[in-house]
Amino acid sequence: MDMAGDLGIMKIMKLDMDSRFDHQKLEPEIYKAWEKSGFFNPDNLVKKGIAKKSAGRFSMVLPPPNVTGVLHMGHAIVLTIEDIMTRFARMQGKKTLWLPGSDHAAIATQAKVEKILYKEKGQSRHDLGREEFLKLVEKFAADSHKTIVNQTRRMGASLDWSREAYTLDDQRNFAVRTAFKRMYDDGLIFRKDRVVNWDPKAQTTISDDEVVHTERKALLYTFKYSKDFPIAIATTRPETKLGDTAVAVHPSDKRYKKYVGKVYDVNFAGEKLQIKIIADKDIDPEFGTGALGVTPAHSMVDYEMSLRHNLPLKQVIDERARMTVGGEDIKDKKTIEAREVILEWLRKENLLEKTEEITQNISTAERTGGVVEPLPKLQWFVDVEKKFKIPKSSIRGIKSESDVTLKELMRTVVKNGQIKILPKRFEKEYFRWIDSLRPWCISRQIWFGHRIPVWYKENKMHVDMDAPKEKGWEQDPDTLDTWFSSSLWTFSTLGWPKQTKDLKEYHPTDVLETAYEILFFWVARMILMSTYLLGEIPFRTVYLHGLVRDEQGKKMSKSLGNSIDPVDMIELYGADAVRISLIIGAAPGSDSKTSEDKIRGYRNFTTKIWNASRFVLMSYDASLKTKPAYTAADKRNLKKLEDTKKRVAGYIEDFKFHRAAELIYQYFWHTFADKVIEQSKDRLRSGKEADRAAAQDVLMKILKESLKMLHPFMPYITESIWGKLPREKGESDMLMVEKC
RNA sequence: GGGCAAUUAGCUCAGUGGUAGAGCGCUGCCUUCACACGGCAGAGGCCGCAGGUUCGAAACCUGCAUUGCCCACCA
C-alpha cells in the first residue's frame with residue numbers, strides 16, 4: 001500500500017524523533033492528514049481494500065450536539081467513547097461509518113437568541129417578527145455549528161464529514177413531514193383540547209418529559225368554599241379554586257358518603273361555582289381533610305379525574321399566568337396576587353380553618369426553570385396506545401400486517417433482546433417509562449423548528465407534505481418538539497424516506513452511545529419512530545455513559561463556574577491526554593469526576609509513550625541482518641503482549657473501555673517501559689549480533705502492537721510515532737487503517 | 001411514596017468465590033547516555049455496619065445505615 005505521498009503524512013515524518021511531542025502543532029496536522037486520506041468515509045475503505053467483506057460493517061450516529069454554544073466535557077466524553085469504538089472497528093477491517101450532525105434544539109436555541117436580542121437591543125422576537133427573528137436564529141445556529149464542528153475535530157473524532165446532517169436541513173425536513181403525514185393518516189397523530197404543560201416563561205407547551213419536579217416549602221390552606229358547603233378542602237393554590245367543578249372523596253370514606261352525587265351552587269370569592277361531590281379511589285382519605293377540590297383545567301391529576309367522571313372544565317388562568325375570571329380585584333391579576341385576595345376574603349368570611357407549612361413538589365420547565373402552569377389547549381399529540389396496522393415488520397414477535405400500538409413496539413424490541421441496553425439496569429427504567437407514557441404533546445408555540453405540516457381554511461384542515469394549491473390556506477403557526485426530528489436521526493441521516501444505498505447498508509446501526517440522561521427524551525423516541533416507520537430497530541445496542549462531574553462531584557455548569565473547557569485542556573495537555581483521562585475511572589453508566597490534575601497525570605503518560613518510542617527507534621539498527629535468536633524471556637514477553645492484546649480487545653467488545661484503557665496503561669508503562677526496555681539495554685549494547693537482533697525485534701514488535709492497541713484511545717501521538725517507524729511489507733503508512 | 005446505584009489506602013476509583021490493587025498524593029534515595037511530565041524503594045486499608053451461605057466472602061444472600069440519582073397526580 002503506497003499512499004504516504006498523497007496523504008501528506010510524510011511531511012510530519014522525520015527519521016528521528018523530536019525530544020517531545022508538540023501536540024499544539026502536530027495534532028491539527030495529523031487530523032488534516034486523516035481527513036485528506038478519505039478514510040473517515042467507509043466508501044473509501046472499501047475502494048482501497050482496507051475494509052474486508054468478511055469483517056462486516058460498523059455504523060453509528062453521533063448524538064447531534066445542540067447548536068447553542070460550545071463544546072463541553074459532556075460532548076468530549078461522547079466523542080471519545082464513540083471514536084474509540086469507531087477506530088477499533090476500522091482497524092479490524094470493518095466497513096466503518098460514524099455519522100456526524102447537529103441538532104437545531106428548538107426551544108434551547110430560540111431562548112438563547114431571545115436572551116441575546118433582549119440584552120443587546122432590548123427587543124423581543126415580536127418586535128422583529130417571525131421572518132426576521134428566524135434569520136437571526138439561523139445566523140446564530142450557523143456560527144455555533146461552525147465552532148462545535150471545529151472543536152469536534154480537535155478531539156480527534158474520526159467522523160465521516162461528507163455525510164454530515166442537520167436536524168433542520170431540507171432533507172431532514174422532508175423526513176419530518178413524511179413521518180408526520182404517515183402518523184396522521186394512521187390516526188396516531190391527533191389534534192385535541194387537552195390540559196397540557198404550559199411554560200409561561202417560554203410561552204409554549206412542553207412535554208411531560210421536559211417537566212422537572214423540584215421540592216419546595218408551601219403553605220397548605222384548609223377551608224370551605226362557603227358557609228353552607230358541607231366539606232372542607234385543602235389546597236396550596238386557592239386561586240385555582242375558582243375553576244373547581246367538583247370535590248372528590250374516597251368511595252369508602254364514611255364521613256362524606258352521604259354527600260356523594262350531590263351538586264352544590266356556591267359563591268366563592270364572588271365567583272359562582274357549581275360543585276359536584278364525586279367518589280374516586282385515587283383520593284387519599286388521610287391527606288388534609290380527605291377531600292380534594294377538583295380543578296380540571298389547571299391540574300393534570302384533576303384533569304384525568306374529570307375525564308373519568310365526565311366533569312366540566314373551567315379555565316380561570318391564561319397563558320400569562322393571570323386570572324381570567326373573578327371580580328375587579330381578581331381578574332387579570334397574577335395568580336400569586338389573586339391568591340392573596342382570595343385568602344383575605346376567606347379570612348373575612350371566616351372560612352379558613354387551617355394554614356400549615358408543607359413540602360411539596362412543584363413542576364418546573366427543564367429549559368427555562370419557569371413554574372409549569374397546566375392549561376387546557378388545542379394541541380397536536382402522538383397517540384402511543386392506539387392500534388394501527390404495521391405494513392412491514394422485521395421485529396421478532398410482531399408480524400407484518402398485524403395490529404399493534406407504539407407502546408407495544410417500543411416494549412417488544414427491548415423485551416425480546418433485539419435491542420440491548422447497557423448497563424442492563426436501564427432497561428427497567430425504560431419499561432417503567434413506557435408504562436406510564438401518556439399522549440406525547442408535539443406542538444410548540446415557538447418559531448424555530450419544523451413548522452407543522454397542516455393548513456387551515458375556515459373550518460377545513462389539510463394535512464399533507466405541502467400546502468394546498470388554492471389560495472387562502474394558512475399554515476399552523478406552531479412548530480414541532482425538537483425531539484420529533486431527532487427521533488428520526490438513525491435513518492433520516494441515511495436518506496429516508498428515499499430507499500437509498502446508505503439506508504440499506506447502514507441501518508439498523510450497531511450502537512447508539514449517549515448519556516443516560518436522554519434515555520427517554522431521545523433513545524426511546526428513536527425506537528418508537530424506527531419501529532413504526534421502518535418496521536425495524538434503529539440500533540442493536542444502547543450504551544449509556546455517565547455524567548462528567550467536577551472534583552467535588554458536582555455537575556459541571558457555567559453558572560457554577562466549575563466547568564473545565566475541554567478545548568483549554570487540549571491546548572494545554574493535548575487531545576490524547578484529555579481523551580484517556582475521560583475514559584479511565586469511568587465505569588459504564590456511572591458518573592465520573594474529572595479535574596485538571598487528572599488530565600495532567602495522563603499527559604505524563606503521553607510523554608512516557610513518546611520517550612519509550614524514542615528509545616526503541618534510536619536504538620534500532622536497521623542494518624542488522626542477522627537472524628534473531630529469541631531467548632525464553634523474549635518469548636515470555638511476546639506471549640504477554642498477545643495476552644494483553646486479547647484482553648484489551650475483549651474489554652472493548654464488552655464496552656468496558658475503562659478496563660481496556662487501564663490495562664494498556666499498565667502494560668505499556670509498567671511492563672514494556674519498566675521491564676522489557678530496561679532488560680534490553682545491556683543486550684542492545686554488548687550482546688552478540690543474534691541476541692541484539694532478537695532484542696531490537698522484540699522491542700519494535702511490542703512497540704508497534706502497543707501503538708495499535710493505544711490508537712483508538714490516543715490517536716494523535718500513536719499516529720505520529722507510527723509515521724516514524726520503519727515499515728514492514730504489508731504494513732500501512734497510516735496507523736488509523738492498520739489491522740489490529 | 002416507588003425504584004436504582006454507590007459505600008475498598010488521604011483523594012479518585014478498579015477489582016463478580018481463593019493470600020487486598022492502580023493513579024494521584026505522601027516519605028526516602030537517585031539528576032546513570034528514552035523519559036525528573038522520570039527511576040528505584042517504601043509507608044498507608046479488620047474492603048459502611050450486623051447477620052447468613054461456603055472449606056474459603058470485598059465479592060453471593062438478608063437486614064440496617066449513609067450518600068447520590070431517577071420516577072411519581074398526596075391536593
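Computed from a predicted model, the values in this text were never measured in an experiment. (Residues numbered from 1 in each chain as written. Chains lettered and ligands numbered in written order. Predicted model: local features only at pLDDT ≥ 70, side-chain atom pairs only at ≥ 80, totals over all residues. Heavy atoms only, no water.)

A.B. asks: Hey, could you go over the overall build of chain A for me, with residue numbers and the actual values?
C.D. replies: A tally of helices and strands in chain A yields 23 helices and 27 strands. For chain A, the C-alpha atoms occupy an extent of roughly 110 × 60 × 55 Å along the three principal directions. Looking at chain A residue by residue over its 740 residues, the buried ones come to 57%. For chain A, the share of sequence-separated contacts (at least 6 apart) that also reach a separation of at least 24 residues comes to 75%. A total of about 32700 Å² of accessible surface is found on chain A, and carbon and sulfur atoms cover 50% of it. One way to put it: in chain A the 123 positive side-chain charges average out to a point 4 Å from where the 107 negative ones average out. (Helix = DSSP H or I, 4+ residues; strand = E, 2+ residues; numbered from the N terminus. Buried < 20%, exposed > 50% of the residue type's maximum accessible area, 1.4 Å probe, protein only. Contact = heavy atoms within 4.5 Å. Areas by Shrake-Rupley, 256 points an atom, 1.4 Å probe, with all protein chains shown as cover. Lys, Arg positive; Asp, Glu negative; His and termini not counted. Charge placed at Lys NZ, Arg CZ, Asp CG, Glu CD.)

A.B. asks: Break down the sheet that holds strand E10 (residues 263-268) for me, with residues and values.
C.D. replies: Pairing is mixed across the open sheet formed by 4 strands, whose spatial order is E10-E11-E9-E12. Only two strands of the sheet have a single neighbouring strand rather than two, namely E10 and strand E12 (291-294). The average undirected angle you get between the axes of adjacent strands in this sheet is 30°. In terms of strand pairing, E10 meets strand E11 (residues 271-279) through 6 bridges, oriented antiparallel. Within E11, the position partnered with Asp265 by the bridge is Gln274. In this fold helix H9 (residues 300-309) packs onto strand E9 (246-249), E11 and E12, with an angle of close to 90° to the strand it touches most, E12. (Pairing = 2+ DSSP bridges. Axes fitted to C-alpha atoms, helices over the stretch in contact; angles between N-to-C directions.)

A.B. asks: Tell me about the confidence of the model for chain A, and name the residues and values.
C.D. replies: Across chain A, pLDDT averages 92, with 96% of residues at or above 70. With pLDDT under 50 throughout, residues 1-15 is counted as low confidence; its partners more than four residues away or in other chains account for 28 contacts. Taken together, the chains of this predicted complex give a pTM of 0.94 and an interface ipTM of 0.93. (pLDDT = per-residue confidence, 0-100.)

A.B. asks: Tell me what's going on with H9, and back it up with residues and numbers.
C.D. replies: Of all the residues in H9, the buried ones are Met300, Asp302, Tyr303, Met305 and Ser306. Capping the start of H9, Ser299 holds a side-chain oxygen 3.4 Å from the backbone nitrogen of Val301, two or three residues further along. Looking one or two places after H9, you find Asn310, whose phi comes out positive at around 60°. (Polar contact = N/O pair within 3.5 Å; in protein donor to acceptor, adjacent residues only side chain to side chain.)

A.B. asks: How would you summarise the packing of aromatic side chains if you had to cite specific residues and measurements?
C.D. replies: On inspection of all chains with the given rule, the structure shows 30 aromatic pairs. Pairing Tyr602 with Tyr665 gives two aromatic rings, centres 5.5 Å apart and planes at 70°, and the pair type is edge-to-face. With a gap of 63 residues between them, Tyr602 in helix H19 (residues 596-618) and Tyr665 in helix H21 (residues 657-686) connect regions that are remote in the sequence. Tyr665 carries the same exposure label as Tyr602, and that label is buried. Between the aromatic rings of Phe605 and Trp669, the centroid separation amounts to 6.1 Å while the plane-to-plane angle is 10°, which identifies the pairing as stacked. You can see Phe605 sitting in helix H19 and its partner Trp669 sitting in helix H21, a full 64 residues away along the chain. (Phe/Tyr/Trp six-rings, centres within 6.5 Å; stacked < 30°, edge-to-face > 60°.)

A.B. asks: Tell me about the pairing of strand E1 (residues 57-61), and please be specific about residues and values.
C.D. replies: A large share of E1 lies buried, amounting to 4 of its 5 residues. Pairing of E1 with strand E2 (residues 95-99), which is carried by 5 bridges, proceeds in the parallel orientation. Opposite Val61, over in E2, you have Leu99 as the bridge partner. In this fold, E1 hands off to helix H4 (residues 73-91), which returns the chain to E2; that crossover is right-handed. (Right-handed = clockwise from strand over helix to strand, strands pointing away.)

A.B. asks: Before we move on, could you go through the UniProt feature "domain: Aminoacyl-tRNA synthetase class Ia" (unreviewed entry) in chain A and cite the residues and values that matter?
C.D. replies: Residues annotated in UniProt with the feature "domain: Aminoacyl-tRNA synthetase class Ia" (unreviewed entry) correspond here to residues 30-465 and 470-592. In residues 30-465, helix accounts for 32% and strand for 25%; the two terminal C-alpha atoms are 45 Å from one another. (UniProt positions renumbered as here; feature names shortened; annotations may be inferred.)

A.B. asks: Can you break down the protein's contact with RNA strand B residue by residue, with the values?
C.D. replies: Near RNA strand B there are 35 residues, and of these Asp284, Phe287, Thr607, Lys608 and Trp669 occur at the shortest range. Within the side chain of Asn361, a nitrogen or oxygen atom sits 2.8 Å from a base nitrogen of RNA strand B. Glu429 places a side-chain nitrogen or oxygen 3.4 Å from a sugar or linking oxygen of RNA strand B. Considering each element in turn, the surface near RNA strand B owes the most residues, 10 residues, to H21. Looking at the surface near RNA strand B residue by residue, the classes come out as 12 nonpolar, 10 polar and 13 charged. (Near = heavy atom within 4 Å. Nonpolar A, V, L, I, M, F, W, Y, C, P; charged D, E, K, R; others polar.)

A.B. asks: Can you explain the pairing of strand E20 (residues 454-457)? Please cite residues and give values.
C.D. replies: Within a regular strand, side chains alternate between the sheet's two faces. Going residue by residue along E20, you find Val454 and Tyr456 tucked away on one face and Trp455 and Lys457 tucked away on the opposite face as well. Connecting the antiparallel pair E20 and strand E21 (residues 460-463) is a turn made up of 2 residues, with Glu458 showing a positive phi of about 50°. With 2 bridges joining them, E20 and strand E22 (residues 474-475) adopt antiparallel strand pairing. Of the residues in E22, the one forming a bridge with Trp455 is Gln475.

A.B. asks: Lay out helix H7 (residues 130-154) in plain terms, naming residues and giving numbers.
C.D. replies: With 25 residues, H7 extends 36 Å between its outermost C-alpha atoms, agreeing within 8% with the 36 Å of an ideal straight helix rising 1.5 Å per residue. All of the buried residues along H7 are Phe133, Leu134, Val137, Phe140, Ala141, Ser144, Ile148, Val149, Gln151 and Thr152. Once H7 ends, the next one or two residues include Gly156, with phi positive near 90°. (Expected span 1.5 Å × (residues − 1).)

A.B. asks: Describe in detail the sheet that holds strand E8 (residues 233-235), supporting the description with residues and values.
C.D. replies: One open sheet holds the 3 strands; their spatial order is E8-E7-E13, and the pairing between them is antiparallel. Looking at strand neighbours, the two that pair on one side only are E8 and strand E13 (352-365), the edges of this open sheet. With strand direction ignored, the average angle separating the axes of adjacent strands in the sheet is 25°. Pairing of strand E7 (residues 211-223) with E13 involves 13 bridges; the strand directions are antiparallel. When the sheet's bridge partners are listed, His213 is paired in E13 with Ser363.

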